[in-house]
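Residue-level structural notes
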Amino acid sequence: MIGLISATAAGAAARDRLAAAWPDRTRVYEGPVGDAVRTAFAQCEQLVCFLATGAVVRLVAPLLSGKTEDPGVVCVDEGGRFAVSLLGGHAGGANELAREVGEVLGAEPVVTTATDAVDLPGLDTLGLPVEGDVAAVSRALLDGEAVALRAEVAWPLPPLPVADEGSYTIRLTDRLVEPAGREVVLRPPTLVVGVGASKGAPVEEVLGLVEDALREAGLSVASVAGLATVDAKAGEPGIVEAARRLGVPLVTYSAGELAGVEVPNPSDAPLAAVGTPSVAEAAALVGGGELLVPKRKSAASPAMATCAVVRRPGRGRLAVVGLGPGARDLLTPRAKAELRRARVLVGLDQYVDQIRDLLRPGTLILESGLGAEEERARTAVEEARKGQAVALIGSGDAGVYAMASPALAEASDDIDVVGVPGVTAALAAGAILGAPLGHDHVSISLSDLHTPWEVIERRVRAAAEADLVVTFYNPRSRGRDWQLPKALGILAEHRTPLTPVGVVRNASRPDESSRLTTLGALDPATVDMMTVVTVGNTATRDIAGRMVTPRGYRWQSAQEGAE
């Protein structure tokens, strides 16, 4: 929860705007400011104070406990010009909160954390448990000193200025080790603990067994990604509570799935009880990996719990990112976050140029020209298979006539794939034209480079007969000048010459242009590959220069009656 505190009418107005934007995330604290700050500081994970920074410093100073315990605090000035990350920039999330507040209120986020100021990923912002001398190693990175990366396990990281050797070290490991001097230890979630338990097994027995097994194997509990068991034990209180106390998810599998996993220590007891010769080992080994701790029983007599520990291979991460139609303000926050997270960026050269300034220093950029779509898809998947964090970019939405489908055709289940939606060309054009997509609609690419024209023509004819609004992508190029007239001719067999047609070129870009014409008047020679053509259905109307398709045909009847 985010506590909101203000002292003046102007502050209260800005406070209320934030509360209205985030009704489920915020709580307004009224009353004397000092009391409100003290109460919110104790109750909330973050605070936004519409007060002077000096006043907030004096109020929170007696309340401070430590970097990992204190909430993040953001101050907004009386004029609403700045959102200042004052306390808990990384650990308390104040840096990101300042940026979010800035977006809502139109304020400039002020972040003074050194790593953020030079666009360096903070070691305590990577989403991994971190131990050791974070300040010293971060300072070495900032000062350009040699910092070695010792990756004992594979894990996708954002770009960091690291070397093979150095007097400072970032150690990536799931081993139970104490950080040395000038060292930071990052613990990726590489371990899966399979658990079996008899009915009524106490949580202390289950949890104690897991912790003992990890400690004796020299493994860190901070690297446990989850507990796994058979479906029949999904509600077993001891297992459920053990997962809760460890702060990890509980994953379950059917007995049939577990019975199909080859294990070194099968047993007749679980086969008779739940239908699989192995629970702990099999559940841990689903998805593959290295069995680090074979099945072991708890020390109680009789033993009521078993566990096994597997290290799953590090998985690369492929984010397929839609950049939208071109305007920076139509690039989603999620897309920006994925671009900054990527260690490797793969994309068409002209799209890379659009977002180059958003990439972190050190990002490996693999760009190529038009016509190399399948090569880019293969390259992105290959880089992800190396354990890298990869972003593959495309315009509009990456899943609409873009890079998602060739990439996913190449990818198997050995990498993690994340889709990041973007604003499509059809949507951007539609917003410019009015509301042409207000009823059922279809998008059709007229490029026959990858699809036979016979197939395209059949789809256009079906859309025409079904009275769907049609958006044409890739409508015309120098080498393809007859397809658009042919498609328009098919639509004209089912629609009048006065049917509204919207033509938008370079939607949302500086040289954007648009016009509303009709099916009979459209000159295909004025259309090129940077253009989207939207043809209305029989209900679409030109209303005050805007293209509108009603959601229901009763609207059309009412309009005709009024005429």
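Structure's up top.
Below is a summary of the structure that appears in this document. Everything numeric here is computed off the predicted structure, so don't read it as measured data.

Calculation criteria
Residues numbered from 1 in each chain as written. Predicted model: local features only at pLDDT ≥ 70, side-chain atom pairs only at ≥ 80, totals over all residues. Heavy atoms only, no water. Helix = DSSP H or I, 4+ residues; strand = E, 2+ residues; numbered from the N terminus. Buried < 20%, exposed > 50% of the residue type's maximum accessible area, 1.4 Å probe, protein only. Areas by Shrake-Rupley, 256 points an atom, 1.4 Å probe, with all protein chains shown as cover. Lys, Arg positive; Asp, Glu negative; His and termini not counted. Charge placed at Lys NZ, Arg CZ, Asp CG, Glu CD. Contact = heavy atoms within 4.5 Å. Phe/Tyr/Trp six-rings, centres within 6.5 Å; stacked < 30°, edge-to-face > 60°. Salt bridge = Lys/Arg side-chain N within 4 Å of Asp/Glu carboxyl O. Pairing = 2+ DSSP bridges. Axes fitted to C-alpha atoms, helices over the stretch in contact; angles between N-to-C directions.

Section: the overall build of the protein
A tally of helices and strands in the protein yields 19 helices and 28 strands. In terms of overall dimensions, the protein has C-alpha extents of about 85 × 65 × 55 Å along its principal axes. Out of the 563 residues in the protein, the part that is buried amounts to 47%. About 26,000 Å² of surface is accessible on the protein, with carbon and sulfur atoms providing 52% of the total. When the 54 positive and 70 negative side-chain charges of the protein are each reduced to one mean point, those points stand 1 Å apart.

Points about unusual backbone geometry
In this structure, the amide linkage connecting S301 to the following residue, P302, adopts the cis form with an omega of 0°. Unlike most non-glycine residues, N474 shows phi in positive territory, near 45°. Considering the arrangement of structural elements, one finds N474 in the loop between β23 (469-473) and α18 (483-492). Using a relative accessible area of 22% as the deciding quantity, one classes N474 as partly exposed.

Things to note about the environment of L51
Relative to the elements of secondary structure, L51 occurs in the loop between β3 (46-50) and α3 (53-60). Overall, L51 belongs to the buried group, its relative accessible area being 11%. Ignoring sequence-local partners within four residues, the contact set of L51 consists of I5, S6, A7, V33, V56, C75 and V76.

A few points about the packing of aromatic side chains
Aromatic ring pairs: the centre-centre distance and the angle between the two ring planes describe each pair. For the structure on display, the rule yields two aromatic pairs. Centre to centre, the rings of Y401 and Y473 are 4.7 Å apart; their planes meet at 50°, and the pair counts as tilted. With Y401 in the loop between β19 (389-394) and α15 (404-410) and Y473 in strand β23, this residue pair connects regions lying 72 residues apart in the sequence. Relative accessible area serves as the criterion here: at 43%, Y401 is assigned to the partly exposed category. Classification of Y473 as buried rests on a relative accessible area of 10%. Here the aromatic rings of W453 and W482 are separated by 5.0 Å at their centres, their planes lie at 70°, and the arrangement is edge-to-face. Of this pair, W453 sits in helix α17 (residues 453-465) while W482 sits in the loop between β23 and α18; the two residues are 29 residues apart in sequence, bridging distant segments of the chain.

Section: the pattern of salt bridges
Any two side chains of opposite charge can pair, given that their charged atoms come close. Applying the stated criterion across every chain yields a total of 29 salt bridges. Note that R385 and D414 form a salt bridge whose closest N and O atoms lie 3.1 Å from each other. Of this pair, R385 sits in helix α14 (residues 373-385) while D414 sits in the loop between α15 and β20 (416-420), placing them 29 residues apart in sequence. Residue R385 is classed as partly exposed on the basis of its relative accessible area, which comes to 41%. With relative accessibility at 34%, the residue D414 sits in the partly exposed group. Connected through salt bridges with shared partners, the residues R150, E152, R171 and E183 form a single ionic network.

Considerations on the sheet that holds strand β1 (residues 2-6)
Strand pairing in a sheet relies on backbone hydrogen bonds. The paired strands run either parallel or antiparallel. If you walk across this open sheet you meet the six strands as β2-β1-β3-β4-β5-β6, and the pairing is mixed. Both edges of this open sheet fall to β2 (26-28) and β6 (108-110), since each of them pairs with a single strand only. Across the sheet, the mean angle separating the axes of adjacent strands is 25° when strand polarity is ignored. Here four bridges tie β3 to strand β4 (residues 72-76), and the two strands are oriented parallel to one another. Its bridge partner being in β4, C49 is matched across the sheet by C75. Contacts from helix α2 (residues 33-43) reach β1, β2, β3, β4 and β5 (82-87) within the one sheet, and its direction differs from that of β1 by about 175°.

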